Amino acid sequence: MDKYLIVGLGNVGAEYDMTRHNTGFMVLDAFAKASNIVFEDRRYGFVAETSLKGRKVVLLKPSTFMNLSGNAVRYWLNKENIDQSRMLVVSDDVALQLGAFRLKAAGSNGGHNGLGHIQQLIGQQYARLRMGIGNDYQQGHQVDWVLGRYSEEEMRVLQPSIDTAVDIIKSFVLAGIDITMNQFNKSGRK
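Residues numbered from 1 in each chain as written. Predicted model: local features only at pLDDT ≥ 70, side-chain atom pairs only at ≥ 80, totals over all residues. Heavy atoms only, no water.

Undergrad: Account for the environment of A72, with residues named and values stated.
TA: Relative to the elements of secondary structure, A72 occurs in helix α2 (residues 69-80). As for A72 and K61, which are separated by eleven residues in sequence, their C-alpha atoms are 8.6 Å apart. Setting aside anything within four residues of it in sequence, one finds A72 in contact with Y44, L60, P62 and T64. (Helix = DSSP H or I, 4+ residues; strand = E, 2+ residues; numbered from the N terminus. Contact = heavy atoms within 4.5 Å.)

Undergrad: Which residues make up the packing of aromatic side chains, and what values do they have?
TA: Counted by the stated rule, this structure contains five aromatic pairs. Pairing Y4 with F172 gives two aromatic rings, centres 6.1 Å apart and planes at 80°, and the pair type is edge-to-face. Of this pair, Y4 sits in strand β1 (residues 3-8) while F172 sits in helix α5 (residues 152-175), and the two are 168 residues apart along the sequence. Pair check on accessibility: Y4 and F172 agree, each one buried. Here the aromatic rings of Y75 and W76 are separated by 5.4 Å at their centres, their planes lie at 85°, and the arrangement is edge-to-face. Classification of Y75 by relative accessible area gives partly exposed; the value is 23%. Aromatic rings pair up to connect Y44, Y75 and W76 into one cluster. Note that R20 overlies the ring of W145, its terminal NZ or CZ placed 3.6 Å from the centroid. We note R128 situated over the ring of Y126; from NZ or CZ to the ring centre the distance is 4.1 Å. (Phe/Tyr/Trp six-rings, centres within 6.5 Å; stacked < 30°, edge-to-face > 60°. Buried < 20%, exposed > 50% of the residue type's maximum accessible area, 1.4 Å probe, protein only. Lys NZ or Arg CZ within 6 Å of the ring centre and 35° of its normal.)

Undergrad: Which residues make up the packing of helix α1 (residues 23-35) against α5, and what are the values?
TA: When two helices pack together, you describe them by how their axes are tilted relative to each other and by the distance separating the axes. In the contact formed by α1 and α5, the axes pass within 9 Å of each other and the chain directions differ by 65°. With respect to the hand of their crossing, α1 and α5 are arranged in right-handed fashion. On α5, the residues that touch T23, M26, V27, L28, A30, F31 and A34 of α1 are M155, L158, I162, A165, V166, I169 and K170. Broken down by class, the residue content of the contact of α1 with α5 amounts to twelve nonpolar, one polar and one charged. (Axes fitted to C-alpha atoms, helices over the stretch in contact; angles between N-to-C directions. Left-handed = near helix turned anticlockwise from the far one by under 90°. Nonpolar A, V, L, I, M, F, W, Y, C, P; charged D, E, K, R; others polar.)

Undergrad: Kindly report on the pairing of strand β7 (residues 127-132), identifying the contributing residues and their values.
TA: Taking burial as the measure, the six residues of β7 include six buried ones, the bulk of the element. Residues A127, L129 and M131 of β7 are buried on one face, and the alternating residues R128, R130 and G132, pointing to the opposite face, are buried as well. Two strands pair when backbone bridges link them, and strand β5 (residues 87-93) and β7 are joined in this way by six bridges, in the parallel orientation. Within the sheet, the bridge partner assigned to D92 lies in β7 and is M131. By the bridge criterion, four bridges tie strand β6 (residues 101-104) to β7 in an arrangement that is antiparallel. When the bridges of β7 are listed, F101 appears paired with M131. (Pairing = 2+ DSSP bridges.)

Undergrad: How would you summarise unusual backbone geometry if you had to cite specific residues and measurements?
TA: Most peptide bonds are trans, and most residues other than glycine sit at a negative phi. A positive phi angle, close to 70°, is found at F65, a residue other than glycine. By the secondary structure assignment, F65 is in the loop between β4 (55-62) and α2. Judged by its relative accessible area of 39%, F65 is partly exposed. Of note, the phi angle at N81 is positive, near 55°, even though the residue is not glycine. Tracing the sequence through the fold places N81 in the loop between α2 and β5. N81 sits in the exposed class, given a relative accessible area of 69%.

Undergrad: Could you give an account of the side chain of N11, with specific residues and numbers?
TA: In this fold, N11 is placed in the loop between β1 and α1. If near-sequence neighbours (up to four positions away) are discounted, N11 is found in contact with Y16, H21, N22, F25, F65, M66 and L147.

Undergrad: Can you break down the pattern of salt bridges residue by residue, with the values?
TA: On inspection of all chains with the given rule, the structure shows seven salt bridges. Residue R86 pairs with D2 through a salt bridge whose shortest N-O separation is 3.2 Å. Placement of R86 in the loop between α2 and β5 and of D2 in the segment before β1 is noted, with a sequence separation of 84 residues between them. For D2, a relative accessible area of 32% translates into the label partly exposed. Across the pair K56 and E49 runs a salt bridge whose closest N-O atoms are separated by 3.6 Å. Linked by salt bridges that have partners in common, K3, E49, K56 and E80 make up one network. (Salt bridge = Lys/Arg side-chain N within 4 Å of Asp/Glu carboxyl O.)

As structure tokens, then:
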């Protein structure tokens, strides 16, 4: 059976719920809810499993905190014997407007600490879905911004992109990265 690892980046703990830096967690929560599955507290993270048309899908929300996300990713890739080409990492991105998203087959970490740690441990050859959180902060206040909570108004802008991200994950598993990028990237530009 083909296996896929879908990773949503964020920080564990109630104090981080609904913060911009937890957008990856929010996407995986939406996917799990739509798939009627629940996360279990497992080694290095919260894990849920489902299948799509005979393909096993492992969802991972690392519990290592953002800057050590690579430890959880490397562990679960090895444990489940999943090829990196079948992994998708969902993260927040301050370089994209709120509600925008960008899907890439590989690339740099773009200054994102979670992606940076994954890259240190396994390299750059994995797909990533960057969810725009905007950058409406004064210089020197990026940490406050990414750890800040979404307002209700911001969630109204973001929610359609979270719903689209659930479709992107399904397409990534069923059709592959190239077809999924062609199908969705045009709609993600804002």
